[in-house]
Amino acid sequence: MTLYDLRDDPPPPDPLSDAEPSTPTAPRRNPGAARLMRSLRRARQLLARHSRRLALFATALVLLPFLFGAGLIHRVYFDRSGVPDLDAFVRFDTPTTGTIQDARGEVLIELAHEYRRVITYDEVPLVLRQAILATEDKNFFSHAGVEYRSLPRVLHRAAAHTLAAWWDGGPGSSVRLPQGGSTLTQQLVRGYFLRSIPTEENGTTLLQDGWTTRLVAVALGVPAANKLYRKLEEVRLALWLEDELERRYGSREAAKREIFARYASFVYLGHGRYGFAAASEYYFGKPLARYTAADAGRAALLAGISKSPRDYAPAENNPMALRRRDEILELMVRRGDLTPEVARLCQSQPVVLAKRSDIKTDAPAAIETAFDEIKQRGGHRFTLDDLLLGRIRVRTTIDERVQTIVNQSLERGLSLYERRHPKSKGLIQGSVVVLANGDAAILAQAGGRQVYRDRANRYFDLNRATRSLRQPGSAWKPLVYLAAFRNGVGLDASVPDDPIAVPDGPDGSSLHWISNYDGRFKGPIPVRQALAESRNAVAVWLTRQVGLSNVIQVARRLGVRSPIQPYISTALGASEVRLLELSGVYRAMASGVIAEPYVVAAVTDNAGQILYEAPQTARDIRSAGIEADALLRIQEGLRGVVRLPNGTASSLNGRDFPIPVMGKTGTTSDFRDALFVGSTYGPTGITVAVRIGFDDNRALGNKETGARAALPIFREIVLRIYKQQLAGPVPRFPQEIEDGIDAYLAQQADLQLQEDEQRRLEELQPLVAPGLGAVGASAPVLPLPR
């Protein structure tokens, strides 16, 4: 190698060489390589400058999973901050089923936001316990709240579901965490302590805003981060709950029993039913207390619902429910809970569901009235929501047996009307009230027929006994007569049944002539006859004599609260009132007791503590300014409506109706409403009010009077109540009242005999010789009849 070899320039040409000298050229360079060399030099410089920071970053990347895992372990196993109130869980303050009961404790209706019956571990039959554990948590009594052996299966299913979602929807699809793998404790924790999270976890807001959840949200999405957070909270609270209950109850076995009982009372099982007790009664009509080993099929059906009530709730022609039942029975066989023979027998049986009526209660109108009283009387002590949450129990004055009689009698009476008017089938309506005379307790109430327009009556439907304002017609007239009796008018006083006119039109400038139902006027007649025969002209005449204001005053004192029109037509029942008010008026007249009708007798909490008892409002009618003489006269007068031969309710005075009653019919203009209100006597008696009519106020039809349409319903109700001895012995009217009517009837019989005698005399008079003339001197003289 020469010195030229070490230089950049080329050597000079050799003069001794035969070769021609070459032309000198510039050296070749690679720009890419040069740039690469410069980048490497800069990278070496940056690494030298930031080597410490990069080392820390690399260390962090390595330690991050360990830190994340350590944080999770601390949160799940050691962090007990923010845990729920355990005392509330021990008390198990959860919504249950509220009940409204009748006077004898029979359930009229169950009401709830969540229909639930809280039960103990021992109240869960063995066969149902076995079915639940076989399908939901076979190692329940051995684990500490979390089943770690199921973790690989859960992770595998999560990965499979996620990959499937990505395959279908692309890499942006959310991570899928399938259900399953949760222990009974975790399921209870999720439903009781974390019940709001599942409805929020699919949103776009993190449920727990921390650096770990943020990192997970960046990697997997917000919904997945929320699901993971919820799952970790389930685990954390499940471990905490089991530990705390073990300390409180002294052993793991006792803690497990408490957890199982609460799960069995809490889990949702479809159709608004929570817990296995409520579900068994709903689906099969069978309480858990009656379950035996032979009910393994039912137990398996119930145990299978919780996985997905929409899919597995027992129903006709639901193969999914049957398939799940059969799977659970196989699991029970594997666990040794059932023999293969019993399992096969159960698998071969069809699902038999309880027959459920669309009618939720036989007393919907009474329930609606009870709701009103709860709102009025509860104050700060209890509310309607407390009933729907199962915190209170309501006992009413209703007698379910009487209510059944009322419902059936009303339906039969309406059916009789429909036979006369077939085009009205299913459209005619009615209402009934039955009161106890002594304190105005509502024994039964029907606000309408049980099925109307092909739909079962509900407690939120129109209650025609309390909500409908309708004219009472002639059923109002006893208030006119009572006002007259207070002014000294006697039952045998003579009153004019003559044509009478009342002002008519908006300004009262025209006149309307009052007519009677039979189109005739009888002239002077006794007051009791006018009342019994419901003479319109007399009612108007009496109202003018005593003053309409006095009639209205009497109505107010006896409990009418509806507006009363200050017009003379009010004497004939033109002012609208509620049937409950009208029944209260007759009850007061029959008993001599003023009282407000009521249906809620008492309200208690779940511990039996009395929160409310109905006040005793009954007081003597004389305190309302109704004198004893006036009361006795109206009682005798209304008893005469039944006993007098021409009384509008005389059909109740026969051997086929041996119960002494007083009452009055009512028929409104153009036969739009038909009423009958009647009572047995005294504080031990009852009062029954019946109204028949259309909701659109159309006419019932010609001659559809209170005596024809409403009275037969009253008749059946009263007969059946006393035949079944549901209201005590039949009370008798005072002998003074019966004797007064007997004396009047005897007097009328004598007068009738005299009239008949006089009529025969007049008929025979033309046959008698007018005198003894020459021609008639020898004619025989006929004797006058006596």
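Residues numbered from 1 in each chain as written. Predicted model: local features only at pLDDT ≥ 70, side-chain atom pairs only at ≥ 80, totals over all residues. Heavy atoms only, no water.

## Considering a positive patch on the surface
On the surface, a cluster of positive charge is contributed by Arg35, Arg38, Arg41, Arg42 and Arg44. Mapped onto the fold, arginine 42 is located in helix α1 (residues 31-78). (Patch = residues over 30% accessible without salt bridge, like charges linked within 9 Å, V, L, I, M, F, W, Y side chains within 5 Å. Areas by Shrake-Rupley, 256 points an atom, 1.4 Å probe, with all protein chains shown as cover. Salt bridge = Lys/Arg side-chain N within 4 Å of Asp/Glu carboxyl O. Lys, Arg positive; Asp, Glu negative; His and termini not counted. Charge placed at Lys NZ, Arg CZ, Asp CG, Glu CD. Helix = DSSP H or I, 4+ residues; strand = E, 2+ residues; numbered from the N terminus.)

## What to know about the packing of aromatic side chains
Evaluated as defined, the whole model comprises 22 aromatic pairs. Judged by centre distance (6.4 Å) and plane angle (80°), the ring pair of tyrosine 121 and phenylalanine 141 falls under edge-to-face. Here phenylalanine 141 lies in the loop between α3 (126-136) and α4 (151-169) and tyrosine 121 lies in the loop between β3 (115-116) and α3, a separation of 20 residues in the sequence. Judged by its relative accessible area of 11%, tyrosine 121 falls in the buried class. Judged by its relative accessible area of 29%, phenylalanine 141 is partly exposed. Taken together through their ring pairs, the aromatic side chains of Phe89, Phe92, Tyr192, Phe193, Trp240 and Phe266 make up a single cluster. Here the guanidinium or amino end of lysine 286 rests over the ring plane of tyrosine 291, the centre of that ring lying 5.6 Å away. When the ring centre of phenylalanine 694 is taken as origin, the NZ or CZ atom of arginine 698, which lies over that ring, is 4.6 Å away. (Phe/Tyr/Trp six-rings, centres within 6.5 Å; stacked < 30°, edge-to-face > 60°. Buried < 20%, exposed > 50% of the residue type's maximum accessible area, 1.4 Å probe, protein only. Lys NZ or Arg CZ within 6 Å of the ring centre and 35° of its normal.)

## What to know about the packing of helix α10 (residues 276-284) against helix α11 (residues 296-305)
Where α10 contacts α11, the axes come no closer than 11 Å and their chain directions differ by 120°. With respect to each other, α10 and α11 are oriented oblique. Like other packed secondary-structure pairs, α10 and α11 cross with a definite hand, here right-handed. Of the residues in α11, those in contact with Phe276, Ala279, Ser280, Tyr283 and Phe284 of α10 are Arg298, Leu301, Leu302, Ala303 and Ile305. Residue composition of the contact of α10 with α11, grouped by class: eight nonpolar, one polar and one charged. (Axes fitted to C-alpha atoms, helices over the stretch in contact; angles between N-to-C directions. Parallel < 35°, antiparallel > 145°, perpendicular 65-115°, else oblique. Left-handed = near helix turned anticlockwise from the far one by under 90°. Contact = heavy atoms within 4.5 Å. Nonpolar A, V, L, I, M, F, W, Y, C, P; charged D, E, K, R; others polar.)

## A look at the environment of glutamate 110
Topologically, glutamate 110 is positioned in strand β2 (residues 107-111). A sequence separation of twelve residues divides glutamate 110 from glycine 98, and the C-alpha atoms of the two residues are 5.7 Å apart. Not counting residues within four places of it along the chain, the set of residues in contact with glutamate 110 comprises Thr97, Gly98, Thr99, Tyr115 and Arg117.

## Examining the packing of helix α18 (residues 477-486) against helix α20 (residues 536-546)
Two packed helices can be described by the angle between their axes and the distance between those axes. Contact geometry of α18 with α20 gives a least axis separation of 9 Å together with a crossing angle of 45°. The angle between α18 and α20 places the two elements in the oblique class. Considering only the axes of α18 and α20, their crossing is left-handed. Across the interface between the two elements, Lys477, Val480, Tyr481, Ala483 and Ala484 of α18 pack against Asn536, Val538, Ala539, Leu542, Thr543 and Val546 of α20. Class assignment for the residues of the contact of α18 with α20 results in eight nonpolar, two polar and one charged.

## Focus: the pattern of salt bridges
Per the stated rule, a full pass over the model turns up 50 salt bridges. Residue arginine 104 pairs with aspartate 102 through a salt bridge whose shortest N-O separation is 4.0 Å. The partly exposed category is assigned to arginine 104, whose relative accessible area is 43%. On the basis of relative accessible area, aspartate 102 is assigned to the buried category, the value being 0%. Several salt bridges converge on common partners, so that one network encompasses Glu411, Glu418, Lys425 and Arg449.

## Focus: the pairing of strand β15 (residues 600-605)
Inspection of the sheet shows strand β5 (residues 392-396) paired to β15 by five bridges, in the antiparallel sense. Across the sheet, isoleucine 392 pairs through a bridge with aspartate 605, a residue of β15. Relative to strand β16 (residues 610-613), β15 runs antiparallel, the two sharing three bridges. Directly across from alanine 602, in β16, lies its bridge partner glutamate 613. (Pairing = 2+ DSSP bridges.)

## Considerations on the sheet that holds strand β18 (residues 662-667)
On the basis of which strands lie adjacent, the open sheet formed by five strands has the order β7-β6-β20-β19-β18 and antiparallel pairing. A strand with exactly one partner marks an edge of an open sheet, and here the two such strands are β7 (442-446) and β18. In this sheet, adjacent strand axes meet at a mean angle of 5° when their direction is disregarded. Relative to strand β20 (residues 686-693), strand β19 (residues 673-679) runs antiparallel, the two sharing seven bridges. Bridge pairing in β20 links aspartate 673 to glycine 693. Strand contacts of helix α22 (residues 579-591): β6 (429-436), β7, β18, β19 and β20, with the helix running at about 35° to β6, the strand carrying the most contacts.

## Quick notes on the sheet that holds β2
The sheet built from five strands is open, its strands ordered β2-β1-β5-β15-β16 with mixed pairing. Edge strands, defined here as strands with exactly one partner in the open sheet, are β2 and β16. The sheet shows a mean angle of 15° between the axes of neighbouring strands, direction not considered. Both strand β1 (residues 98-101) and β2 contribute to a ladder of four bridges, which runs antiparallel. Looking across to β2, one finds that isoleucine 100 is bridged to isoleucine 109.

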